[in-house]
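A closer look at the structure
Here is how the chains run, residue by residue.
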Amino acid sequence: HPCRRHAPKRSRKARMLRKIQICLCFCFVSGILYEISLLSSCVFSYLPMAQHYLTPEQVLNLGKSIIFLETTERLEPPPLVSCSVESAARIYQDRPIILFMRGLTNETALDLNTSYAAFSLLSSMKNVFIFPLQMETVFQETPLLQWYNQVVPEQEKNWVHVSSDASRLALIWKYGGIYMDTDVISIRPIPQESFLAAQKSRFSSNGIFGFPARHKFVWDCMENFVLKYNGNIWGNQGPFLMTRMLKTLCNLTDFQGTEDHSCQNISFLNPQRFYPIPYPAWSRYYQVWDKSPDFNHSYALHLWNFMNRNRKVVVAGSNTLAEKLYKTYCPTTYEDLIQNAKHRDLPGPEDVE
């Protein structure tokens, strides 16, 4: 019968169509799951070659970013900056680590992977992102935009610091997370979400702080930044701003022991958390200790690079406290430091007879 002869062919075609449909559905679902995994688990890195073409907003919107800023024009992160970013990437493996650089543009980013060793080092870490710092974009929808449009950077005595003070406030207000200076070495996770770091009793740093997005305290800080702006006074928009704003909420008292303070749901963390070595003793990081401190009460260590006018650096084999910190918390940076030292010690053609 004709129908019987064609039935198997129709059945085979139907089965083939069903298989094709199943394969297409599987590919479609797999693609969606892959994109979700990229955006939710941070198992990718922003390479200077822009492999995934992710924007800063896409990464920041993941939430709980650790943010670093470089507001000079330099494009080669020095070892301390590299160590700060690497240590954060190792301690906060489930969070995006973002380094914003003022000297970086969308055009120059394409060549940095081959031109600068530090970019290759940092971009090899799966949760590290390096983006241009575009201040006008950062300040949109904040009280800082009007100030930025009126200020003349060339006439500002402390522009590198002031622009950094402003940028960190805007970024944390918009997206939330933790801001850290590029001379902060992370040694264990910070458990608090809304916090300021006490540099000493009754005085707040702005080198490390964290808040959820759209937190009122950060907004109030931005308004006060503009209202009481004075670029000639170093720190007026930085630690002095944080301190005077905190004093409007809290009756600050001296720290006793290693306890933290808290008011208005903001933790004011003990100086031991980030500043166990105070700024008058900053050079001790670059000295040899008979017995290295354990820093059991610290989450991170601020190395006071602003005080480092003689530009002390970590030297491989020096056995200083800073070298030991590099070995422990940013071993890739330390290995790169050793390799660079070896290259410098190798004889050049003019030294060979």
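Scroll up to find the structure this text is about.
If you're wondering where the values come from, they're calculated on a predicted model, not measured in any experiment. (Residues numbered from 1 in each chain as written. Predicted model: local features only at pLDDT ≥ 70, side-chain atom pairs only at ≥ 80, totals over all residues. Heavy atoms only, no water.)

Attention now moves to the state of the cysteines. Evaluated as defined, the whole model comprises two disulfides. In this model Cys83 forms its disulfide with Cys330; the gap between the sulfur atoms is 2.0 Å. Torsion about the S-S bond of the Cys83 and Cys330 cystine: about -85°, corresponding to left-handed handedness. Of this pair, Cys83 sits in helix H3 (residues 79-91) while Cys330 sits in the loop between helix H11 (321-329) and helix H12 (331-345), placing them 247 residues apart in sequence. By relative accessible area, Cys83 is classed as buried at 0%. Given a relative accessible area of 0%, Cys330 falls into the buried group. (Disulfide = S-S within 2.5 Å. Helix = DSSP H or I, 4+ residues; strand = E, 2+ residues; numbered from the N terminus. Buried < 20%, exposed > 50% of the residue type's maximum accessible area, 1.4 Å probe, protein only.)

Attention now moves to the pattern of salt bridges. If the charged atoms of two oppositely charged side chains come close together, the side chains can form a pair. Counting across every chain of the model gives seven salt bridges. Measuring nitrogen to oxygen at the nearest pair gives 3.6 Å for the salt bridge that ties Asp165 to Arg168. Residue Asp165 and its partner Arg168 are both found in helix H8 (residues 159-175); the two are separated by three residues, about one turn of the helix. Here Arg168 falls in the buried class, since its relative accessible area comes to 6%. In this structure, Asp260 and Arg273 form a salt bridge, with 3.1 Å as the shortest nitrogen-oxygen distance. Here Asp260, found in the loop between helix H10 (239-247) and strand E8 (261-263), pairs with Arg273, found in the loop between strand E9 (266-269) and strand E10 (300-302); they are 13 residues apart in sequence, far enough to count as distant. (Salt bridge = Lys/Arg side-chain N within 4 Å of Asp/Glu carboxyl O.)

A separate point is helix H9 (residues 216-227). With 12 residues, H9 extends 16 Å from end C-alpha to end C-alpha; this agrees with the ideal 16 Å at 1.5 Å per step. Along H9, the residues that are buried comprise Phe217, Val218, Cys221, Met222, Asn224 and Phe225. The arc enclosing the buried residues of H9, seen along the axis, measures out at 165°, which places them on a common side. Exposed residues pointing more than 90 degrees away from the buried face of H9 are listed as Lys216 and Leu227. (Expected span 1.5 Å × (residues − 1). Arc of directions from axis to C-beta.)

Another point: the pairing of strand E6 (residues 195-200). In terms of burial, E6 is largely enclosed, as five of its six residues are buried. Here E6 pairs with strand E7 (residues 203-211) via four bridges, running antiparallel. Across the sheet, the residue bridging to Lys200 is Phe203, located in E7. Relative to E9, E6 is paired through three bridges, and the arrangement is parallel. Following the sheet pairing, Leu196 is matched in E9 by Phe268. (Pairing = 2+ DSSP bridges.)

Membership of the largest hydrophobic core comes to 50 residues, with the highest contact counts inside it found for Ile97, Met180, Ile190, Ile208, Phe274, Tyr285 and Tyr326. In terms of residue count, the dominant contributor to this core is H3 (five residues). Once residues within four sequence positions are removed from consideration, Phe274 is found in contact with Ile190, Phe195, Ala197, Ile208, Leu269, Tyr299, Ala300, Leu301 and His302. Within the second largest apolar cluster, 47 residues are counted, among which are Phe131, Phe139, Phe255 and Phe268. (Core = buried A, V, L, I, M, F, W, Y, C linked by side-chain atoms within 4.5 Å. Contact = heavy atoms within 4.5 Å.)

Attention now goes to the sheet that holds strand E3 (residues 128-132). With mixed pairing, eight strands are arranged side by side in an open sheet as E3-E2-E1-E4-E7-E6-E9-E8. One side of each edge strand has no neighbouring strand; the edge strands of this open sheet are E3 and E8. Averaged over neighbouring strand pairs, the angle between their axes works out to 25° when direction is ignored. Here three bridges tie E8 to E9, and the two strands are oriented antiparallel to one another. Among the inter-strand pairings, Cys263 is bridged to a residue of E9, identified as Ile266. Packing of H8 onto the sheet brings it into contact with strand E1 (66-70), strand E2 (97-101), strand E4 (177-180) and E7, and relative to E7 it is tilted by some 35°. (Axes fitted to C-alpha atoms, helices over the stretch in contact; angles between N-to-C directions.)

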